[in-house]
Amino acid sequence: MQNPIEVFAIRSRRITRFAAGVVLGAGLFCASGSPSFLGAQTAPASINFDQVTMVFRLDASGTTYVMGVNEHGALQTLYWGKRLAAHDRFAAAKSEPNYALDVSETITLQEYTGWGGALYVEPDLKISYPDGNRDLVLKYVSNTFDGDTLHIVMKDIDRDVFVTLEYKIDEGTGILRRSSTIENRTRAPLVVEQAMSGTWNLPRATDYRLRYLSGRWAGEDNINELPLQPGKTVLESRRGTSGPQKNPWFAIDHKGATEESGDVWFGALGWSSSWQLSVEQDSAQQVRVTGGFNSFDFGYRLKPGERLVTPPFYGGYSAKGMGEASRLMHRFQVDALLPHLGDSTGPKLRPVLYNSWEATEFRVEEPGQMALAEKAASIGVERFVMDDGWFGQRKDDHAGLGDWYVNKQKFPNGLKPLIDKVHSLNMSFGLWVEPEMVNPDSDLYRRHPDWVLNFPGRPRSEGRNQLVLNLARPDVRAYVFGFLDKLLSENDIAFFKWDYNRHWTEPGWDAAGPENEKKVYVEFIRNYYSVMEELRKKHPQVEIESCSSGGGRVDMGVMQYTDEVWTSDNTDAFDRLTIQNGFSYAYAPAVMMAWVTDSPTWVNYRNLSLEYRFLSSMQGSLGIGANLNKWTPEDFSKAKAMVAQYKKIRETVQRGSLYRILKPENGSEQSLTESVSRDGKQAAVFAFLHSSRELYPFPRIYLQGLDDNAMYSLTAFAGKLAPDTPSSASGSYWMHHGFDTELRGDFQAAGFTLERTTP
Ligand code: DGJ
């Protein structure tokens, strides 16, 4: 075994996001950061390496993560869970003994395995060489510490294939970010057939339960539970996008953990193309979660000297149940993932927006949009977004995609008059685009039929009458960047709604040549990210919403470049409660765009009051998508009041801590959420009754997350409190005595705020 240890001395310093390190004495390096965010003053974040035992230890917030190099040179997981005492020491890693049919390599929990040797569990990396050899056994070589990042270098026992594992731990949440870089330093090309970001190994136990999100168009983010048993559960997308069918997120709990108590391990991939999460309980009943590029149809050729970097794989631990696991994810996304637009206090609060889609669909034109803009401004909307239909020969979804010039019949003088009008109403202007798509009935397709994903000579399947432009191609990337840049340079546009309304089929990339064709799964998405990154650099004011027929492209990859996501095309405010509940397990309310639309919706013809619809949408980032031309004066005055109320609580909703107190799951007749602001001065509560039965009252509301000893005043801004409710009481009272709301009937809702009145 090679074992040259490189430890770089760096100075101790405070850092803002991930732990930064320092070498301590001979062979021990550690890092330090600031205290945890969720109120608890924990020790600073740190990364340590003990050169004698060869043990790495990462600590931040409430989490400790430990791994060690064992006697065979494999990098073994030693611990992942609740933060341990600083003086706790770990013995050197020691591999499991051989069993009759499963030798040590398969049973020993490793951080990153090559497929080779005696490995039967899901490998992280599988390679084939031109000489037919496919054996890969990775051993520890060295580690380096670079700023806030720990790099661990592994190498095959014989050939010059190197893998550098990267680890960062977020000081505020203890969430780890892992990725791997595979490098071919041999003299011949090789093909990477499977490349994972890494494997999360859970403590040995047999009573684990997996949670994951599944769905479809207009039905995203259903939460599923599955007891883990021997075998493998594979969650994946093979569609070239993250997709609503499964979301690249998981949570695994233990010993009957609940919403507010018990151990939960969770993670998510930062990748928006085909992805794979394999949750495996092996023959020794150990649970491993391996995630990265989907290995189906994968094949990435690396010439000598070339590298492949895998997506980030995030993982975290909560000792306080599923609720805290979600709050950690929310906090991490807001503080460390979303674009910050130069604001040191976090991403910009989401403005209240109006979107034209449900009002006018493709029938957008200047006077109609101006009239809607005036009405939207009158209720306090801050951003007006014109959706599909403004470009090319776009009358419906059969034509126009790809032709990104303004339609002269609809906007004879370009977009400027509308944008000026929107600005004169004190709103910013946003525009819908679908950059990666083309209709066969478009000038672009007629000019460049070779630009779409296809296998030459084979049929090209259409979805919504459109084909996917192959953004992996440099000419397509240049075209997409070019027209978006031109739109931003020539118009005062603050926001793109970036849509993506079909998934891949026939994913051929003929021009790349047979050896490189399959790189499309990686290069397409890298270009998608890089276009957004470059646009944002050149036009720092622009914000982007990720949309894919609703919530079909929501993942921690796209969230690095976008400010919000469109949650679902299903805008029925009752259905939304379930979709938003599922969404909140993995993603922050700050990014969850939720429109108030007309009732009944096209989805299920249910009638819901305007107040109910507002309350449902106010749980996330508020938008209005109704046809304001049909609203009555009463609707306008109700909407004005609700928008004004939202502005008073939006920081709490978007940046605060979310408590799912009554969940709309398993046929529950009620749902209730509470958000507590970061400074603890405000709480916002939303209560929904789906249908009351047999004289049973709405359950008493017991709040969470307040300060026991502080006083809070309670106000109902929608719905009613029980007559004997005090207007002011202690945090203890609201949390332990609780209070009642008088909700009765079908589809009733209420909204409350608590304001802290004592320091
Ligand atoms: C799908 C989106 O989810 C809708 O909100 C709308 O933008 C349409 N596309 C427009 O074609």
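A. Geometry of the overall build of the chain. Broken down by element type, the chain carries twelve helices and 38 strands. What you see for the chain is a C-alpha radius of gyration of 27 Å, in line with the 27 Å of a compact globule of 759 residues. Taken along its principal axes, the extent of the C-alpha atoms in the chain is 80 × 70 × 50 Å. Evaluated residue by residue, the chain yields a buried proportion of 62% over its 759 residues. A total accessible area of about 27600 Å² is found for the chain, and carbon and sulfur atoms account for 51% of it. Put simply, the chain has 82 plus and 94 minus side-chain charges, and the middle of one group is 2 Å from the middle of the other.

B. Summary view of the site of the ligand. As a structural note, the neighbourhood of the ligand is formed by 14 residues, with Asp387, Asp388, Lys497, Asp499 and Asp569 the closest of them. Taking Trp432, its side chain carries an N or O atom lying 3.1 Å from an oxygen atom of the ligand. Between the ligand and Arg464 there is a distance of 2.9 Å, counted from an oxygen atom to a side-chain nitrogen or oxygen. For the ligand, whose free accessible area comes to 290 Å², the fraction covered by protein is 98%. In terms of residue class, the shell around the ligand is built from five nonpolar, three polar and six charged.

C. Quick peek at the sheet that holds strand β34 (residues 670-676). Across the sheet, six strands lie side by side as β33-β34-β35-β38-β36-β37; this open sheet has antiparallel pairing. At either margin of the open sheet sits one strand with a lone partner, and together these are β33 (657-662) and β37 (728-730). When strand polarity is set aside, the average angle formed by the axes of neighbouring strands in this sheet is 25°. The strands touched by helix α11 (residues 633-655) are β33, β34, β35 (682-691), β36 (711-718) and β38 (746-756); relative to β35, the strand with the most contacts, the crossing angle is about 110°.

D. Just the domain arrangement of the chain, in detail. Segmentation of the chain into domains returns domain 1 (4-337), domain 2 (353-566) and domain 3 (662-756). Once you take the C-alpha centre of each, domain 2 and domain 3 turn out to be 41 Å apart.

E. Summary view of the packing of aromatic side chains. A full pass over the atoms with the stated rule returns 42 aromatic pairs. Summarising the aromatic geometry, the rings of Trp271 and Tyr529 are spaced 6.0 Å apart at their centres and angled 75° between planes, so their arrangement reads as edge-to-face. Here the residue Trp271 occupies a position in the loop between β17 (264-269) and β18 (275-281), and Tyr529 occupies one in helix α8 (residues 520-538), the gap between them amounting to 258 residues. Here Trp271 matches Tyr529 in class, with each residue buried. Through successive ring pairs, a cluster of aromatic residues spans Trp271, Phe293, Phe298, Trp498, Tyr528, Tyr529 and Tyr561.

F. Structural view of the sheet that holds strand β28 (residues 495-498). In space, the eight strands of this closed barrel follow the order β23-β24-β25-β28-β29-β30-β31-β32, with parallel pairing throughout. Neighbour-to-neighbour, the strand axes of this sheet turn through a mean angle of 30°, independent of strand direction. Taken together, the four bridges between β28 and strand β29 (residues 543-546) define a ladder with parallel strand orientation. Bridged to Phe495 within β29 is Glu543. Contacting β30 (564-566) and β31 (592-596), helix α9 (residues 573-586) crosses the sheet at an angle of about 170° to β31.

G. Fine view of the nonpolar core. Among the nonpolar cores identified, the biggest contains 153 residues, and Val192, Trp390, Phe614 and Ile624 are the most heavily contacted of them. When residues in this core are grouped by element, the largest group, ten residues, is from α8. Each residue touching Trp390, except ones within four places of it in the same chain, is listed here: Val364, Trp404, Tyr405, Val406, Asn407, Phe411, Leu431, Trp432, Val433 and Leu487. Ranked by size, the runner-up nonpolar core spans 30 residues in total, among them Val264, Leu328, Tyr587 and Ala590.

H. Region of the structure containing the pattern of salt bridges. Counted according to the given criterion, the structure contains 52 salt bridges. Here Glu225 ties to Arg211 by a salt bridge, and the two come within 3.4 Å at their closest N and O atoms. Taken together, the residues span a long stretch of sequence, with Glu225 in strand β14 (residues 222-227) and Arg211 in strand β13 (residues 208-214) at a distance of 14 residues.

I. Summary view of the confidence of the model for the chain. Residues at a pLDDT of 70 or more form 94% of the chain, whose mean pLDDT is 93. Low pLDDT, under 50, characterises residues 1-41; the predicted model gives this stretch 129 contacts beyond four residues in sequence or across chains.

J. Representation of the packing of α9 against helix α10 (residues 610-617) in the model. Where α9 contacts α10, the axes come no closer than 9 Å and their chain directions differ by 15°. Here α9 is positioned roughly parallel relative to α10, judged by the angle of their axes. When you trace α9 past α10, the crossing you get is left-handed. On α10, the residues touching Ala573, Phe574, Arg576, Leu577 and Gln580 of α9 are Tyr612, Arg613 and Ser616. Counted by class, the contact of α9 with α10 contains four nonpolar, two polar and two charged residues.

K. Here's a closer look at unusual backbone geometry. The amide bond that connects Ser599 to the next residue, Pro600, takes the cis arrangement and shows omega of -5°. Mapped onto the elements, Pro600 comes out in the loop between β31 and α10. For Met54, which is not glycine, the phi torsion reads 60° and is therefore positive. Residue class for Met54 comes out buried when judged on its relative accessible area of 9%.

L. Representation of α10 within the structure. With eight of eight residues buried, α10 is to be regarded as a mostly interior element. If you check which residues of α10 are buried, you get Leu610, Glu611, Tyr612, Arg613, Phe614, Leu615, Ser616 and Ser617.

M. Main features of the packing of α10 against α11. The contact between α10 and α11 brings their axes to 10 Å, and the two run at 25°. By the angle between their axes, α10 is roughly parallel relative to α11. The two elements α10 and α11 cross, and the hand of that crossing is right-handed. Residue-level contacts link Leu610, Glu611, Phe614 and Leu615 of α10 to Asp635, Lys638, Ala639, Met642 and Val643 of α11. In terms of residue class, the contact of α10 with α11 is built from six nonpolar, no polar and three charged.

N. Representation of α8 in the model. Compared with the 27 Å implied by 1.5 Å per residue over 19 residues, the 26 Å span of α8 between its first and last C-alpha is a close match. Those residues of α8 that sit buried are Val520, Tyr521, Val522, Phe524, Ile525, Asn527, Tyr528, Tyr529, Val531, Met532, Leu535 and Arg536.

O. Summary view of the pairing of strand β22 (residues 313-318). The element β22 is extensively covered by neighbouring structure, given that six of its six residues are classed as buried. Burial of β22 is two-sided: the residues Phe313, Gly315 and Tyr317 facing one way and the residues Tyr314, Gly316 and Ser318 facing the other way are all buried. Pairing analysis gives six bridges linking β17 to β22, with the strands arranged antiparallel. Among the inter-strand pairings, Ala268 is bridged to a residue of β22, identified as Tyr314.

Reading the values: the criteria
Residues numbered from 1 in each chain as written. Predicted model: local features only at pLDDT ≥ 70, side-chain atom pairs only at ≥ 80, totals over all residues. Heavy atoms only, no water. Helix = DSSP H or I, 4+ residues; strand = E, 2+ residues; numbered from the N terminus. Rg over C-alpha atoms; globule rule 2.2 N^0.38 Å. Buried < 20%, exposed > 50% of the residue type's maximum accessible area, 1.4 Å probe, protein only. Areas by Shrake-Rupley, 256 points an atom, 1.4 Å probe, with all protein chains shown as cover. Lys, Arg positive; Asp, Glu negative; His and termini not counted. Charge placed at Lys NZ, Arg CZ, Asp CG, Glu CD. Near = heavy atom within 4 Å. Polar contact = N/O pair within 3.5 Å; in protein donor to acceptor, adjacent residues only side chain to side chain. Nonpolar A, V, L, I, M, F, W, Y, C, P; charged D, E, K, R; others polar. Pairing = 2+ DSSP bridges. Axes fitted to C-alpha atoms, helices over the stretch in contact; angles between N-to-C directions. Contact = heavy atoms within 4.5 Å. Domains from an automatic or database assignment. Phe/Tyr/Trp six-rings, centres within 6.5 Å; stacked < 30°, edge-to-face > 60°. Core = buried A, V, L, I, M, F, W, Y, C linked by side-chain atoms within 4.5 Å. Salt bridge = Lys/Arg side-chain N within 4 Å of Asp/Glu carboxyl O. pLDDT = per-residue confidence, 0-100. Parallel < 35°, antiparallel > 145°, perpendicular 65-115°, else oblique. Left-handed = near helix turned anticlockwise from the far one by under 90°. Expected span 1.5 Å × (residues − 1).

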